[in-house]
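# Observations on chain architecture
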Amino acid sequence: MGTYAGCVRSMNRNGPSGFTEADGTIENSSNYERETKSSCQKYPYVSAIEENFAPFRFVYPEFLPDPNIKWRNRVREKLERMDMLKRRSNLDIPEFYVGSILSVTLSDRNAPGKTNTFVGICIQREGTAMRSIFTLRNIVDGHGVEIAYDLYNPTILNISCLRLEKRLDENLRYLRDAPAQYSTFPFDMVPELRSANVPVPVNPIKVKLNPRPWSAKWHLWDLKGVEDSSEQILEPWEMRRFDRWKFAEGFVTTKYDLMRAYRSTIPAEEQTEIYNEVHQQLANLFASLRKQKRKRTFLKPQKTV
Amino acid sequence: MTSSLLASALRHFQNGRSILLQNASVVGPMSNLGNFQSLNGNNTTFGGSVTFVQTRGSRVKTRLTHPRNTWPKRRRERNDQELTADNQAFLNKVVYDKYGPAHFDWRAENTGMPFISPLKQIIYERGEWEPRSIRTGVIGRKIGIHPMWDKDGNRMLTTLVQVTDNHVLKYIPPETVEKNYGPRFKRKDVGLLLVGAESTDPQRFTKEYLNVFDESGVPPKTKTARFMVTPNAKLQPGTPLYATHFKVGQRVEVFGHTVDHGFQGVMKRWGFKGMPASHGVTKSHRRGGNTGGGGEKARVWPGTKLPGHMGNRWRKLLGQHIIRINTKYNVLYIRGHAVMGEVGSFVTICDSFLSCAEEMDKSTLPFPTHYPEESEEPIPEEYYAPNIYNFADPSIVFEDKR
């Protein structure tokens, strides 16, 4: 063992579905000199992370601060977490991932009834702490509509997850260049409830994109949720050049870059420290807010797209 | 007070160049003394006419890169090989015993709260507030940016400034100020209050620098700043200053140095538009182009906008709102993301002198400062401005008035 898998793997918010192969061996990071309870423990501690707090970084990803050292400050992060917990005591923010279908109800001064509901598929989740944003996409009257919501916006009255699932990619911006059927969801969709013990399903769907032109060069991105049509798009010489370019730019060697992984993630010890601080309150909130929801039913089979 | 003059100056400024308010400095009659602003934390001397002048493009040197020859030498050259480990440990113990554990146990992550000075003898009696009194400011560290919402659902950004371990170091009465500093400070009736932030190890500093801190009985401080105060606002050396020195809803001045961008080209530094990337443009895509005309004065004029060092300048922000105060960690939430500097840089904050700031009754502000140990009721952990949404409150709902 000896792998700090908790720190290195799953750099995207989707968790293990987007598993990268950078499972390198990292020693106790030598420049981590803050006094933590765990500074002496090695192997037993890794298992503690994986057992207790491993799922937290997927369910509550915005509690982890931005890894950029220039912007890190412990006091501010503590204050942010306090504010986040206060807000969560008034609004039940469900677990959701990119690819889940959500329904959001906002207070809107200009809407009839003063509320505004939107249903859509979550195409991306960005930001940390109170600046955490999620974007929902749907097709309304033949037009694609994307709305970005602040997760901690006080005008949000309700967020409910209608279908909880993950996708193969970090963000689903390619749905803009996909046929409408992939982004259309009825506004009166019934929530699909699932029992707690079932792991979050990964939808392995491969979207077939519209013919070009696209809004971005999707064939150059390593998209797992898109039907691979690069042979039809690129000439053989373009493919060879693209392979060379990818290697030169470092796309191929990125998975071996441990320092890059370290810089772009929060170390496992710190994650545990953070979730240690908040997990009790989160558990209490989970219990109290879920009591208000209706009873669970069995998972109903749904028509696939 | 020259508030009416300020008001007229501000109106003139706002009509013409309201966007550039951040770049302006208050330049009074001592505009010829270029280094004045960079030395002083808060030059609040409004003796004569006041104009808001852009310092960009002028020849006033505003980037101070060397210490003054009048200042005592600060850092002591340490040669750790001179002492054995036992001797070093003994010295550490002496320091610890002299100043007490509270000084070195303060940490921003804990609370940032300073302890109360050991000076029991009252040197200065507390003054009473009068109109036109000027109280001290505080030194804080910018710790980051945080969004807040108001009760109508409008989002705004706030900059968090933590007031870390502030103590008053010295008070210099107006007569001594006039004698020592002479024509620099035109106002004859203000004294000088020296404030320090963040205690550090005295073994780093020279003896003569440590003498500065003898009067207050606190360890040497990482950062010091001067505030001009009226004599009735003078404070006992060693008095701690907290974030509750200010009130929520108040307007403040924030003075600090901006992010250092290094040597920058003309497009980033002065906002030039550059030239097209193609269509025959030869080697001049980000250059400045023409530098002047010909004729009698056929030369590049002083103050021409050219590439050069950008940033690391002392700038003052006027009229910033404080919308929230956290008393546990001594944090001020200042509206906007305009507070200058990187995360972790020092700023000094004091009351605003703008005429629009007079909507808040100055007599309600704690004078000369806030003494939390003397408050009868327990101090709440958070203060919010009236229209600001508190996250502990329920979600914002708009009422249907039909």
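What you see is a predicted model, and the numbers here were worked out from it, not measured in a lab.

Right, let's talk about the overall build of chain B for a bit. Within chain B, the regular secondary structure consists of seven helices and 15 strands. Relative to its full complement of 402 residues, chain B shows a buried share of 47%. When the accessible area of chain B is evaluated, it comes to approximately 20800 Å², of which 51% is carbon and sulfur surface.

With an omega dihedral of 15°, the bond running from Arg212(A) to Pro213(A) counts as a cis peptide bond. Inspection of the secondary structure assignment puts Pro213(A) in the loop between strand S5 (156-163) and helix H5 (230-233). Omega for the bond connecting Phe367(B) with Pro368(B) falls within 30 degrees of zero, at -10°, which places this linkage in the cis form. Tracing the backbone shows Pro368(B) in the loop between strand S14 (346-351) and strand S15 (382-384). With phi around 55°, Asn312(B) is a residue other than glycine that occupies positive phi space. Relative to the helices and strands, Asn312(B) is located in the loop between strand S11 (308-310) and strand S12 (314-326). Of note, Asn330(B) is a non-glycine position whose phi angle comes to about 60°, a positive value. You can see Asn330(B) is positioned in the loop between S12 and strand S13 (331-335).

Residues and elements named next belong to chain B. Averaged over all residues, the pLDDT of chain B equals 80, while 78% of them reach at least 70. Across chain B, element-level confidence peaks in S13 with a mean pLDDT of 97 and bottoms out in strand S1 (residues 24-27) with 32. The low-confidence segment residues 1-55, where pLDDT is below 50, has 99 contacts with residues more than four positions distant or belonging to other chains. As a predicted assembly, this complex carries a pTM of 0.79 together with an ipTM value of 0.79.

Listed per partner, the contact involves 30 residues of chain A and 37 residues of chain B. Surface buried jointly by chain A and chain B totals about 2800 Å² across both partners, of which 59% is contributed by carbon and sulfur atoms. Looking at the side of chain A facing chain B, the largest losses of area belong to Val75(A), Leu79(A) and Pro154(A), adding up to 20% of the total buried there. At the boundary of chain A and chain B, one finds four salt bridges. For Asp152(B), the salt bridge is made with Arg109(A), and the minimal N-O distance between the two is 3.4 Å. Counting the contacts that link chain A with chain B gives twelve residue pairs in polar contact (both at pLDDT 80 or more). For the side of chain A that touches chain B, the secondary structure elements donating two or more residues are helix H4 (74-88) and S5 of chain A. With ten residues, H4(A) is the largest single contributor of residues to the side of chain A that touches chain B.

What follows is about the environment of Arg137(A). All names here are of chain A. Within the secondary structure, Arg-137 sits in strand S3 (residues 133-140). According to the relative accessible area criterion, Arg-137 is buried, its value standing at 7%. The sequence separation of Arg-137 and Ile-147 amounts to ten residues, and the corresponding C-alpha distance is 6.6 Å. For Arg-137, the residues in contact, after removing those within four places along its chain, are Gly-120, Ile-121, Ile-123, Gly-144, Val-145, Glu-146, Leu-175, Arg-176, Ser-183 and Phe-185. Within the structure, Arg-137 has its side chain in polar contact with the backbone oxygen of Leu-175 (distance 3.4 Å).

This part takes up a nonpolar patch on the surface. All names here are of chain A. The grouping of Trp-245, Phe-247, Phe-251 and Val-252 at the surface amounts to a nonpolar patch, some 420 Å² of accessible area in total. By the element assignment, Trp-245 lies in helix H6 (residues 236-249). A residue is classified by how much of its surface remains accessible, and Trp-245, at 39% relative accessible area, is partly exposed.

Analysis parameters
Residues numbered from 1 in each chain as written. Chains lettered and ligands numbered in written order. Predicted model: local features only at pLDDT ≥ 70, side-chain atom pairs only at ≥ 80, totals over all residues. Heavy atoms only, no water. Helix = DSSP H or I, 4+ residues; strand = E, 2+ residues; numbered from the N terminus. Buried < 20%, exposed > 50% of the residue type's maximum accessible area, 1.4 Å probe, protein only. Areas by Shrake-Rupley, 256 points an atom, 1.4 Å probe, with all protein chains shown as cover. pLDDT = per-residue confidence, 0-100. Contact = heavy atoms within 4.5 Å. Buried area = accessible area lost by both parts, 1.4 Å probe. Salt bridge = Lys/Arg side-chain N within 4 Å of Asp/Glu carboxyl O. Polar contact = N/O pair within 3.5 Å; in protein donor to acceptor, adjacent residues only side chain to side chain. Patch = residues over 30% accessible without salt bridge, like charges linked within 9 Å, V, L, I, M, F, W, Y side chains within 5 Å.

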